[in-house]
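So you can see what is in the structure, the chains are spelled out below.
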Amino acid sequence: MALRLGLGLPQTGTYDLATDVTQVARAAEGMGYDSVWVLERIMRPEQPVDDMYLIPGLEWSAYFRSVADPLVTLSMAAAVTERVRLGSAVLVGPLRPPFLLARALGSLDAASGGRLVAGLGTGWSRDEYAAAGADYASRGAALDELLDVCAEVWGADPASYEGRRTRFTPSAVGPKPAASRVPVLLAAGNDRALRRLVRRADGWLPSLVSNEQVAATHARIRELAGEVGRDPAELSTTVRAFVRVTDRPVEGRRSPYQGSVEQIVEDLAGAARAGVSEVLLDNQLECRDARELIDSAKELREAVTEAGL
């Protein structure tokens, strides 16, 4: 199977949400991208609860100051496209009431003709959990409950559930997803999360990983899938890549998807060899406006096509 390519939609404060989301979504579909994606960040605390950050030693990124709501952004993209899949990488599931999120995802999938891909994770920011009134310590259990509620809400009526956060008696709940369910991808970085993935998800959704890390984790996924009797071939891998294109090749050690167009194409070829199904190219943080984002995305798309990936 050829490597699929996704493109990150412009959500951050440098863009005009009134025009740029729809412009980029249309352009991505016209250029032959397979999917468009959103991220989720809800705030940039000036006085963080603690020093925890996704990458130890780094400051909180400036773009956190303004990131448009992911479901609003995907809805805008759905309204102006017909073919591309619509993905989240990732929604921090436990920040929202499970029943309401399950309904919103089902509605968006129905409205888009079955194009939604629900990428979910537990997140890492204690500040975001505090702001949402959610319990950081029980985030894994909250994600499990969300997956249970989604299965119930998306399934046949009457739906019902009795859990820690969610309780509802047998009820009709609609609209339903266009197909039997919305595909679910999970971000997973440790054994506990990987065990959840092989039991409950359709694929793995890592960010900021090298192809070597992907290959190593695939080996562990195969082991864990075997333990529960699941065929690992059923599990896809979609990598979120933060892209920075430079005029000249980066010399020496470099981060994945950072460098010249040729170097980024090399990374994509390596991803295909490592068993990655799809790479989400997110270059919104390196571009000044929608036009520059589209031009960069077009250059990358054409280079990938020429390389035969």
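Structural data are supplied above this passage.
In this report, we go over the structure that sits alongside the text. (Residues numbered from 1 in each chain as written. Predicted model: local features only at pLDDT ≥ 70, side-chain atom pairs only at ≥ 80, totals over all residues. Heavy atoms only, no water.)

Thoughts on the overall build of the protein
In terms of helices and strands, the protein carries 9 helices and 13 strands. Since a compact globule built from 309 residues should have a radius of gyration of about 19 Å, the 19 Å found for the protein is in line with a globular shape. Seen along its three principal axes, the alpha-carbon backbone of the protein occupies a region of about 60 × 45 × 45 Å. In the protein, buried positions account for 51% of the 309 residues. Long-range contacts, defined as pairs at least 24 residues apart, comprise 70% of the intrachain contacts of the protein with a sequence gap of at least 6. For the protein, the exposed surface amounts to about 14,200 Å²; the carbon and sulfur share of it is 49%. Charge separation in the protein, taken as the distance between the mean sites of 35 positive and 42 negative side-chain charges, equals 3 Å. (Helix = DSSP H or I, 4+ residues; strand = E, 2+ residues; numbered from the N terminus. Rg over C-alpha atoms; globule rule 2.2 N^0.38 Å. Buried < 20%, exposed > 50% of the residue type's maximum accessible area, 1.4 Å probe, protein only. Contact = heavy atoms within 4.5 Å. Areas by Shrake-Rupley, 256 points an atom, 1.4 Å probe, with all protein chains shown as cover. Lys, Arg positive; Asp, Glu negative; His and termini not counted. Charge placed at Lys NZ, Arg CZ, Asp CG, Glu CD.)

Digging into the packing of aromatic side chains
What the rule picks out here adds up to 4 aromatic pairs. An angle of 40° between the planes, with centres 6.3 Å apart, marks the rings of Phe 64 and Trp 124 as tilted. Residue Phe 64 is found in the loop between strand S2 (35–38) and helix H2 (70–79), and its partner Trp 124 is found in the loop between strand S5 (116–121) and helix H4 (126–132); the two are separated by 60 residues along the sequence. Of the two residues, Phe 64 and Trp 124, neither departs from the other in class, the shared state being buried. A ring pair is formed by Tyr 129 and Tyr 136, whose centres lie 5.3 Å apart and whose planes are at 90°; its orientation type is edge-to-face. Each member of the pair Tyr 129 and Tyr 136 is classed as buried. Here the aromatic cluster, defined as three or more aromatic residues joined through ring pairs, consists of Tyr 63, Phe 64 and Trp 124. (Phe/Tyr/Trp six-rings, centres within 6.5 Å; stacked < 30°, edge-to-face > 60°.)

Focus: the pairing of strand S3 (residues 85–88)
In the sheet, S2 pairs with S3 via 4 bridges, with the strands oriented parallel. In the strand pairing of S3, Ser 35 is matched with Arg 85. In this sheet, S5 lies alongside S3 in parallel orientation, the contact comprising 2 bridges. What sits directly across from Leu 86, in S5, is Leu 116. (Pairing = 2+ DSSP bridges.)

As for the pairing of strand S1 (residues 4–8)
Counting buried positions over the 5 residues of S1 gives 4, a clear majority of the element. Here S1 pairs with strand S13 (residues 278–282) via 4 bridges, running parallel. Across the sheet, Gly 6 pairs through a bridge with Leu 280, a residue of S13. For S1 and S2, the ladder comprises 3 bridges, and the chain directions are parallel. Among the inter-strand pairings, Gly 8 is bridged to a residue of S2, identified as Trp 37. Following the backbone out of S1, through helix H1 (residues 20–31) and into the adjacent parallel S2, one traces a crossover that is right-handed. (Right-handed = clockwise from strand over helix to strand, strands pointing away.)

Topic: helix H8 (residues 261–273)
Helical periodicity: at 3.6 residues per turn, an α-helix aligns residues three or four positions apart in one direction. Between its first and last C-alpha, H8 extends 19 Å over 13 residues, near the 18 Å set by a 1.5 Å rise per residue. For H8, every residue scored as buried is listed here: Val 261, Gln 263, Ile 264, Val 265, Asp 267, Leu 268, Ala 269, Gly 270 and Ala 271. Against S1, helix H7 (211–227), strand S11 (244–245), strand S12 (258–259), S13 and helix H9 (290–307) lie the buried residues of H8. Phi turns positive one or two residues past the end of H8, at Gly 275, with a value near 95°. (Expected span 1.5 Å × (residues − 1).)

Observations regarding the packing of helix H3 (residues 98–111) against helix H5 (residues 139–154)
Following both chains from N to C, one finds H3 and H5 inclined at 50°, their axes separated by 9 Å at the closest point. Between H3 and H5, the angle is such that the two are oblique. Note on packing geometry: the crossing formed by H3 with H5 is right-handed. Of H5, the residues touching H3 (which contributes Pro 98, Phe 99, Leu 101, Ala 102, Arg 103, Leu 105 and Gly 106) are Glu 145, Leu 146, Val 149, Cys 150, Val 153 and Trp 154. (Axes fitted to C-alpha atoms, helices over the stretch in contact; angles between N-to-C directions. Parallel < 35°, antiparallel > 145°, perpendicular 65-115°, else oblique. Left-handed = near helix turned anticlockwise from the far one by under 90°.)

Re unusual backbone geometry
Cis geometry marks the peptide bond from Ala 89 to Val 90; its omega dihedral reads -5°. Within the secondary structure, Val 90 is located in the loop between S3 and strand S4 (91–92). In the segment running from Asp 157 into Pro 158, the intervening peptide bond is cis, with an omega of 0°. Structurally, Pro 158 is set in the loop between H5 and strand S6 (159–162). In this model, Tyr 257 sits at a positive phi of 65°, which is unusual for a non-glycine residue. Looking at the element boundaries, Tyr 257 is found in the loop between S11 and S12.

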